[in-house]
Amino acid sequence: MSEPTKSENAKVAIPGQPGSGSAASGPAAEAATLTKGGRAGGERVASLWTDAWYDLRRNPLFLIGGFLALFMVALAVAPHLFTEGDPTSAGFCNLSDSLKRPSADHWFGFDVQGCDIYTRTVWGARNSIIVGILTTSLVVAVGGALGLWAGWTGGLWDSLLSRMTEIFFAIPLLLGGMLIMSTWGKGNAWTVSAVMAVLGWPQIYRLMRSAVLANKHNDYVVAAKALGAGTGRIVSRHILPNAVAPVIVVSTINLGVYIGAEAALSYLGIGIQSPAISWGLMISDAQSRFLTAPHVLLFPAAVLSITVLAFIMLGDAVRDALDPKLR
């Protein structure tokens, strides 16, 4: 009979037991199982969203853009917290103060009508932010729902909607907005938002449809179907969470674009109309006085630019955090 080999005589190393020599035991094993946003022992594995939040908290672009965006939203929600004046009240404007330059008491100076520019700029944030948020919400709701449905079901309706989006893509946002608003008549924040949503939904539709088509044939979706999961559960638990990332990125950037588009339409006189207050209206009223009183135009234009830049910075930071190719 042959003698036992060395491998047969060797003791079986049990992970976690003293003297086993296993590198996967003790504190080292606990440290190895930690992930971004996870817990010791591997109880929770980091997902795309926890990893993204981990990266966003350390991204200066996100912190600066988020602070500026929140500040502008606060101006829109509660302008009375940032200024005591009310541009809608009688006697707010005084022609004797017309075109006075900035001072310690009036930081932005006065416009042609003798109205305090700082107060009007603060109150003008409301219409601009409403247009941006409302348009983005409508575009995501309509385009996202149609893209999700078309990408999941396919067939005739998918083809018809895809051809319809190609027609809308041939219409530039500003040109189409000018055409519709000029025939609509007097505009306000709600009508401007509706017009831009009608022209802007195809982009989100295409993004959502493409993401659904890329995920609907993955193994985890096939496995869910094999286990008897219904369509609603598969779409809500497996398709939508993996398809919504590019929609969030583009929508964040587009929010700033819609604010700029509203200002352009108001500047041309076919967007928000007086007596409402809008940054675009303020810039339009100040254009003829730029050489003699540049402060009348510079301050509302600067606030508009900062607002648009803030949301674009947010979108860039979110894209960097959610796009695995950029990690």
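Shown above is the structure to which this text applies.
If you're wondering where the values come from, they're calculated on a predicted model, not measured in any experiment.

Conventions used here
Residues numbered from 1 in each chain as written. Predicted model: local features only at pLDDT ≥ 70, side-chain atom pairs only at ≥ 80, totals over all residues. Heavy atoms only, no water. 1 Å grid on protein atoms, 1.4 Å probe; cavity = no way out; pocket = protein on both sides within 12 Å on 5 of 7 lines; lining within 4 Å. Points joined across faces, edges and corners; volume = space filled by probe spheres on them. Helix = DSSP H or I, 4+ residues; strand = E, 2+ residues; numbered from the N terminus. Nonpolar A, V, L, I, M, F, W, Y, C, P; charged D, E, K, R; others polar. Core = buried A, V, L, I, M, F, W, Y, C linked by side-chain atoms within 4.5 Å. Buried < 20%, exposed > 50% of the residue type's maximum accessible area, 1.4 Å probe, protein only. Contact = heavy atoms within 4.5 Å. Expected span 1.5 Å × (residues − 1). Arc of directions from axis to C-beta. Lys, Arg positive; Asp, Glu negative; His and termini not counted. Salt bridge = Lys/Arg side-chain N within 4 Å of Asp/Glu carboxyl O. Axes fitted to C-alpha atoms, helices over the stretch in contact; angles between N-to-C directions. Parallel < 35°, antiparallel > 145°, perpendicular 65-115°, else oblique.

Asker: Which parts of the structure should I look at to understand the layout of surface pockets?
Answerer: Rolled over the atoms, a probe as big as a water molecule pinpoints where empty space is left. Of the voids in this model, the largest pocket is the one considered here, and its volume is about 300 Å³. Along the walls of the largest pocket sit 18 residues, with D111, Q113, C115, R120 and D285 positioned nearest its centre. Secondary-structure elements contributing two or more residues to the lining of the largest pocket are α5 (117–153) and α11 (279–286). The leading source of residues in the lining of the largest pocket is α11, at four residues. The residue inventory of the lining of the largest pocket, partitioned by class, reads twelve nonpolar, three polar and three charged.

Asker: Even after reading the chapter, I still don't get the nonpolar core, so can you show me in this structure?
Answerer: Note that soluble globular proteins tend to have their nonpolar side chains buried in a common cluster. Among the nonpolar cores identified, the biggest contains 38 residues, and L56, I129, I259, W279, L304, F311 and L322 are the most heavily contacted of them. When contributions to this core are tallied by element, the ones reaching two or more residues are α3 (48–56), α4 (60–77), α5, α10 (231–267), α11 and α12 (295–322). Take this core: its biggest share by element is 13 residues, from α12. Excluding residues that lie within four positions of it along the chain, L56 makes contacts with F62, L63, A317, V318 and A321.

Asker: Would you mind showing me how to read helix α6 (residues 155–169) here?
Answerer: One turn of an α-helix holds 3.6 residues; hence residues three or four places apart share an orientation. Across its 15 residues, α6 extends 22 Å between first and last C-alpha, which sits within 8% of the 21 Å expected from 1.5 Å per residue. For α6, the set of buried residues is D158, L161, S162 and T165. The buried residues of α6 occupy an angular sector of 105° when projected down its axis, which confines them to one face. Residues of α6 that are exposed and angled more than 90 degrees away from the buried face: L156 and I167.

Asker: Just to check I follow, could you spell out the side chain of D116 for this structure?
Answerer: Of note, D116 is situated in the loop between α4 and α5. Lacking a salt bridge, the buried D116 has R120 as its closest oppositely charged neighbour, with an N-O distance of 8.8 Å.

Asker: When you look at the packing of helix α9 (residues 219–226) against α10 in this model, what are you seeing that I'm missing?
Answerer: The geometry of a pair of packed helices is captured by two quantities: the angle between their axes and the separation between those axes. Axis separation between α9 and α10 bottoms out at 11 Å; the angle between their running directions is 175°. Judged by the inter-axis angle, α9 sits roughly antiparallel to α10. On the side of α9, the interface is formed by Y220, V221, A224 and K225, while α10 contributes I234, H238, I239 and N242. Broken down by class, the residue content of the contact of α9 with α10 amounts to five nonpolar, two polar and one charged.

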